[in-house]
Amino acid sequence: GSSGGGLRLRDDFPGVGDWHYLDSAATAQKPQAVIDAIARAYGPDYATVHRGVYERSANMTLAYEAARRKVAGFIGAACDAEIVYVRGATEGINLVAQCWAAEQLKAGDRILLSMLEHHSNIVPWQMAAEKTGAQIDVVPLTMDGKIDLDAMQAMIRPEHRLVALAHVSNVLGSVLDVRRAADIAHAVGAKILIDGCQAVPRLAVDVRALDCDFYVFSAHKLYGPTGIGILWARRELLDAMPPYQGGGSMIDKVTFEKTTYAPAPTRFEAGTPHIVGVVGLSAAIDYVQAVGLEAIHAHECALVGRARAALETMNSVRAFGPDDSAGILSFEVEGVHPHDVGTILDETGVAIRAGHHCAQPLMRHLGVEATARASFGLYSDESDVDALVRGIERVRKIFG
Ligand code: PMP
């Protein structure tokens, strides 16, 4: 169709087939190339990193560190040392909350979040605030569901030491003008962390052009494996931060009297890392870069546009979020609980998410307990949108 998006990559994904998988914002399906890379890494290539004196371990170490270089290039980091391997976005935010915020903040300091944040970009800051006596403030949203940067500009003060915002909302798909948010934060001397979970799979990200201070994302939403993610931070920030966890690999020298720590990023990577996860992430980045993020973004925008247009013609259906939402569309069928919408859609082979999406403050703001959410990936196509629309019509008939 004319408004369907151009990518035809479904066959690369054995987990998709003729299933209408519209829950990619929760976790993305994996291309065969990633599955193959993981199988090789657990098979003929398998060995530990950084310690082995034998060739296979040396090769795995090269792959592990080459992946760090690849990630750095993928998001525009100044150097590999700025890339910390973590379990996912959640761990990346907790690391910054514990090793930066809990160290740096004091009573009277303030943290600025927004109304649409995922719980993983709220709770770690509350924990740091509780330890330090810092306070949290919340930037409101515009009418169409974007973080209101005019309001942010008006409310920010020198007491704000840290701003933490989602690049793309996991509920509304709203895209943040990160550069402007960073400028507003830096004008009062605050640092800014960007939760890039939903942005990295669908927008080209350049952390230096965005001028943020911390950036986190999870590999599993980028068509890679679970259990691995990235914390990027400016080198001078990482260098000044204490370790996150103690253990093997993160040390310089250990005696019972005193231990000194390895420089960043090694200092933050205690224990045997998720070696195979890193190899899988590397293959996922190769895959995504070969397709091209601009093509992916255009493709998903076309699909969301097609879905939004269809939903708008149904008078008992309300779509949330801005018209230019990226890859994600929350909606409500009047008088029908989102879980019932999800269950009926499942019967027709359409998988969506129904619930609060780990964003309870946003649900309260929208005046709903939950939403139904369709989210797209580079393998989605018009058949998925059309099945979604047919499924919603069925919901309306059943509850009509
Ligand atoms: N932030 C956002 C915007 C997300 O969508 C998610 C995943 N739902 C997270 C953070 C947390 O990511 P993870 O569970 O992979 O740590």
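This structure is a prediction, so every number in the text was calculated from the model and none was measured.

### Topic: the pairing of strand β7 (residues 214–218)
Where burial is concerned, most of β7 is hidden: 5 out of the 5 residues are buried. Neither face of β7 is left uncovered, since the one carrying Phe214, Val216 and Ser218 and the one carrying Tyr215 and Phe217 both have all their residues buried. Two elements, strand β6 (residues 191–195) and β7, share 3 bridges in a ladder whose sense is parallel. What sits directly across from Asp195, in β7, is Val216.

### What about the packing of helix α3 (residues 89–104) against helix α4 (residues 123–132)?
α4 packs onto α3 with a crossing angle of 20° between their chain directions and a minimal axis gap of 9 Å. The orientation of α3 relative to α4 falls into the category roughly parallel. Relative to α4, α3 is oriented so that their crossing is right-handed. Where α3 approaches α4, its residues Ile93, Asn94, Ala97, Gln98, Ala101 and Ala102 are matched on the opposing element by Pro124, Trp125, Met127, Ala128, Lys131 and Thr132.

### Regarding α4
Residues of α4 that are buried: Pro124, Trp125, Ala128 and Ala129. An end-on view of α4 places all buried positions within 140° of arc, on one side of the element. For α4, the secondary structure elements touched by its buried residues are α3, β3 (110–114), β4 (135–139) and β5 (160–166).

### Let's talk about the nonpolar core
Residues Val96, Ala181, Leu231, Trp232 and Ala284 are the most contacted members of the largest nonpolar core, which totals 129 residues. Two domains each donate at least three residues to this core, and these are domain 1 (10–30 + 292–399) and domain 2 (34–289). Apart from the residues lying within four places of it in its own chain, the contact partners of Trp232 are Ile75, Ala77, Glu82, Ile83, Val207, Phe214 and Tyr215.

### Overview of the domain arrangement of the protein chain
Each assigned domain of the protein chain is listed with its residue range as follows: domain 1 (10–30 + 292–399) and domain 2 (34–289). Using only C-alpha atoms to locate each centre, domain 1 and domain 2 end up separated by 28 Å. The interface of domain 1 with domain 2 comprises 28 residues on the first partner and 29 residues on the second. Per-element accounting of the side of domain 1 that touches domain 2 gives the leading share, 6 residues, to helix α10 (residues 293–312). Of the residues assigned to the side of domain 1 that touches domain 2, the class counts are 14 nonpolar, 9 polar and 5 charged.

### Structural notes on the sheet that holds β5
The strand order β2-β8-β7-β6-β5-β3-β4 describes an open sheet built from 7 strands, whose pairing is mixed. Two strands bound the open sheet, and with one partner strand each, they are β2 (83–86) and β4. In this sheet, adjacent strand axes meet at a mean angle of 20° when their direction is disregarded. Helix-sheet contacts for helix α2 (residues 55–75) involve β2, β7 and β8 (229–233), and the interaxial angle to β2 is about 115°.

### A look at helix α1 (residues 32–42)
Taken as a whole, α1 has its buried residues at Val34, Ala37 and Ala41. Buried residues of α1, viewed axially, fall in a sector of 60°; they line one side. In this structure, the buried residues of α1 make contact with α9 (275–291).

### A closer look at the pairing of β4
Alignment of β3 against β4, held across 5 bridges, turns out to be parallel. What sits directly across from Arg110, in β4, is Gln135. Crossover handedness for the path β3 to α4 to β4: right-handed.

### Here's the deal with the sheet that holds strand β11 (residues 317–319)
Across the sheet, 4 strands lie side by side as β11-β12-β15-β14; this open sheet has antiparallel pairing. Two strands lie at the open edges of the sheet, namely β11 and β14 (353–355), each paired on one side alone. In this sheet, adjacent strand axes meet at a mean angle of 30° when their direction is disregarded. Both β11 and strand β12 (residues 328–333) contribute to a ladder of 3 bridges, which runs antiparallel. Bridge pairing links Ala319 to Phe331 in β12. Contacts from helix α11 (residues 338–347) reach β12, β14 and β15 (371–375) within the one sheet, and its direction differs from that of β14 by about 160°.

Cut-offs applied
Residues numbered from 1 in each chain as written. Predicted model: local features only at pLDDT ≥ 70, side-chain atom pairs only at ≥ 80, totals over all residues. Buried ≥ 20, exposed ≤ 12 C-beta atoms within 10 Å, placed from the backbone. Helix = DSSP H or I, 4+ residues; strand = E, 2+ residues; numbered from the N terminus. Pairing = 2+ DSSP bridges. Axes fitted to C-alpha atoms, helices over the stretch in contact; angles between N-to-C directions. Parallel < 35°, antiparallel > 145°, perpendicular 65-115°, else oblique. Left-handed = near helix turned anticlockwise from the far one by under 90°. Contact = placed C-beta atoms within 7 Å. Arc of directions from axis to C-beta. Core = buried A, V, L, I, M, F, W, Y, C linked by C-beta atoms within 7 Å. Domains from an automatic or database assignment. Nonpolar A, V, L, I, M, F, W, Y, C, P; charged D, E, K, R; others polar. Right-handed = clockwise from strand over helix to strand, strands pointing away.

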